[in-house]
Amino acid sequence: MKELKDWFVPWLLTAREYNTGILDKAWANPDHGRLMLNENPIPPSDKVVNAVTEAVKKGNRYPDSMKKLRTKIGKMYDLGPDNVALCNGSSEIIDSMMRIFLKPGDEIIMSTPTFGLFPPRAELCGAKVVQIPLREGDLQYDVEAMLSSINEKTKLILIINPNNPTGVFIDDADLIRFCETGIPLCIDEAYRDYHPEFETKAPLIKKYPQVFLSVTLSKAHGFAGIRFGFVLGTEEMINAFNIMFLPWNVNLMSAAAAEAILDNPEEIKSKVEHNNRWMDIFYEELQKLGLKPYPAHGNYMLIDATMTGKTTAEILEAAIDMEKIYLKRIGEIHGKTGYFRVTPGTEEENKRFLKFIRNYFG
Ligand SMILES: Cc1ncc(COP(=O)(O)O)c(C=O)c1O
């Protein structure tokens, strides 16, 4: 008799894993600072909580297509309700875009490093992930190398803007070169709300129908556990996502929470201000210590500590031992270890981070 694993599709067990083990550790150790995930440390306001409480009272009913909410979101981007597909956090977009565009043997182009959920979800479609290293030095997308890796199997390209883990925006002219290829292009704007002075790339979908945007409320809005995101695209693109998404993917509570926070820009503003203030403090302090922080625009900062001779593993371990803070592990970049990433947390956690870097690197 065949073993169970022999019944699985061949790529199920060979796909890379997105390991969420650190979350179990963090929830089990609430005294440890959660500076390793790109969460927002400020909990939802009473307005959001009350909206959720009202929504749960109708929790016996299936949700409709939420046209009012889609209209509200569409207006924010000068688009209509049918240019918006709602989902359960943008991870759902990551999964669905792979299943919309990739069949076994097809290729997707992205950078390395990148957000770790993208490669496994493509590999779970039997597709090949073509990862092009970021440029040495400024760690920008290597546009030339990415464009020259396009072939007849390329069915999807990913640009995260600002990028994760570097936090840097791509130049408009470079982005247009990807649009001009005519190949489906995902522009992931998960973190743009931290710097709304950088305009959304949503208008590109009018000229380039193969372009779509991925947006989430997990970051600047602080909804990582509430789960809410949306895709922006042409009506044809949105229809494709709605076919791939499960019906009722967005529950009544997260939709009510989304509506409440979008109606309350002050809440978003204060979360963004807290983050950006601490990002500036971290940047200055890290530079003073002779480390190289990247000029990041999200709620995370990539730090090059390779010049200290410490490995990433040593740094992460010391942060836990000395100040009980979790930092994000970053793999080797251009063959060098010693990179790590930090996300601002609460005031108290941030002070512990400053104490750690002063004592450890000072
Ligand atoms: C670039 C990027 N896209 C998408 C996500 C997924 O976020 P969520 O599913 O919470 O919307 C993340 C999370 O860290 C991310 O960094």
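Computed from a predicted structure; not experimentally measured.

**Topic: the sheet that holds strand E2 (residues 84-87)**
- Here 7 strands make up an open sheet; going across it, the order is E2-E8-E7-E6-E5-E3-E4 and the pairing mixed. Every interior strand has two partners, whereas the edge strands, E2 and strand E4 (128-133), have only one. The average angle at which neighbouring strand axes cross in this sheet is 25 degrees, direction not considered.
- In this structure, strand E7 (residues 211-216) lies alongside strand E8 (residues 229-232), joined through 4 bridges in antiparallel fashion. Note that in E8 the partner of Leu213 across the bridge is Leu232.
- Strands in contact with helix H3 (residues 67-76) are E2 and E8; relative to E2, the strand with the most contacts, it is inclined by about 120 degrees.
- Sheet contacts for helix H9 (residues 235-244): E2, E7 and E8; angle to E2, the most-contacted strand, approximately 25 degrees.

**Notes on the pairing of E7**
- Where burial is concerned, most of E7 is hidden: 6 out of the 6 residues are buried.
- The two faces of E7 match: Val211, Leu213 and Val215 on one face and Phe212, Ser214 and Thr216 on the other face are all buried.
- As judged from the 4 bridges shared by strand E6 (residues 185-188) and E7, these two strands associate in the parallel manner. Residue pairing for E7: Asp188 is matched across the bridge by Ser214.

**Side note on the packing of helix H4 (residues 91-101) against H9**
- For the pair H4 and H9, interaxial distance at closest approach is 10 Å and the crossing angle is 105 degrees. By the criterion of interaxial angle, the relationship of H4 to H9 is roughly perpendicular. Mapping the contact onto sequence places Ser96, Arg99 and Ile100 in H4 and Ala240, Phe241 and Met244 in H9.
- Taken together, the residues of the contact of H4 with H9 sort by class into 4 nonpolar, 1 polar and 1 charged.

**Quick notes on the environment of Asn239**
- Here Asn239 lies in helix H9.
- Spatially, the C-alpha atom of Asn239 lies 23 Å from that of Ala127, the residues being 112 residues apart in sequence.

**Some points on the site of the ligand**
- Around the ligand sit 13 residues, and of these Gly89, Ser90, Ser91, Thr216 and Ser218 come closest.
- Here the shell around the ligand is built from residues that sort into 4 nonpolar, 8 polar and 1 charged.

**Digging into the pairing of strand E13 (residues 339-342)**
- Burial of E13 is two-sided: the residues Tyr339 and Arg341 facing one way and the residues Phe340 and Val342 facing the other way are all buried.
- Across 4 bridges, the pairing between strand E10 (residues 301-304) and E13 is antiparallel. Bridging from a neighbouring strand, Ile303 pairs with Phe340 of E13.
- Direction of pairing for strand E12 (residues 328-329) relative to E13: antiparallel, over a ladder of 2 bridges. Bridge assignment links Lys328 to a residue of E13, and that residue is Arg341.

**Some details on the domain arrangement of the protein**
- Per the domain assignment, the segments making up the protein are domain 1 (4-42 + 266-361) and domain 2 (46-264).
- Just the C-alpha atoms count here: the centres of domain 1 and domain 2 sit 23 Å apart.
- Listed as interface residues are 30 residues of domain 1 and, on the opposing side, 29 residues of domain 2.
- Secondary structure elements with two or more residues in the side of domain 1 that touches domain 2: helix H11 (265-288) and E10.
- In terms of residues, the side of domain 1 that touches domain 2 owes the most to one element, H11, which gives 7 residues.
- Across the side of domain 1 that touches domain 2, the residue classes tally to 14 nonpolar, 9 polar and 7 charged.

What counts and what doesn't
- Residues numbered from 1 in each chain as written.
- Predicted model: local features only at pLDDT ≥ 70, side-chain atom pairs only at ≥ 80, totals over all residues.
- Pairing = 2+ DSSP bridges.
- Helix = DSSP H or I, 4+ residues; strand = E, 2+ residues; numbered from the N terminus.
- Axes fitted to C-alpha atoms, helices over the stretch in contact; angles between N-to-C directions.
- Contact = placed C-beta atoms within 7 Å.
- Buried ≥ 20, exposed ≤ 12 C-beta atoms within 10 Å, placed from the backbone.
- Parallel < 35°, antiparallel > 145°, perpendicular 65-115°, else oblique.
- Nonpolar A, V, L, I, M, F, W, Y, C, P; charged D, E, K, R; others polar.
- Near = placed C-beta within 6 Å.
- Domains from an automatic or database assignment.

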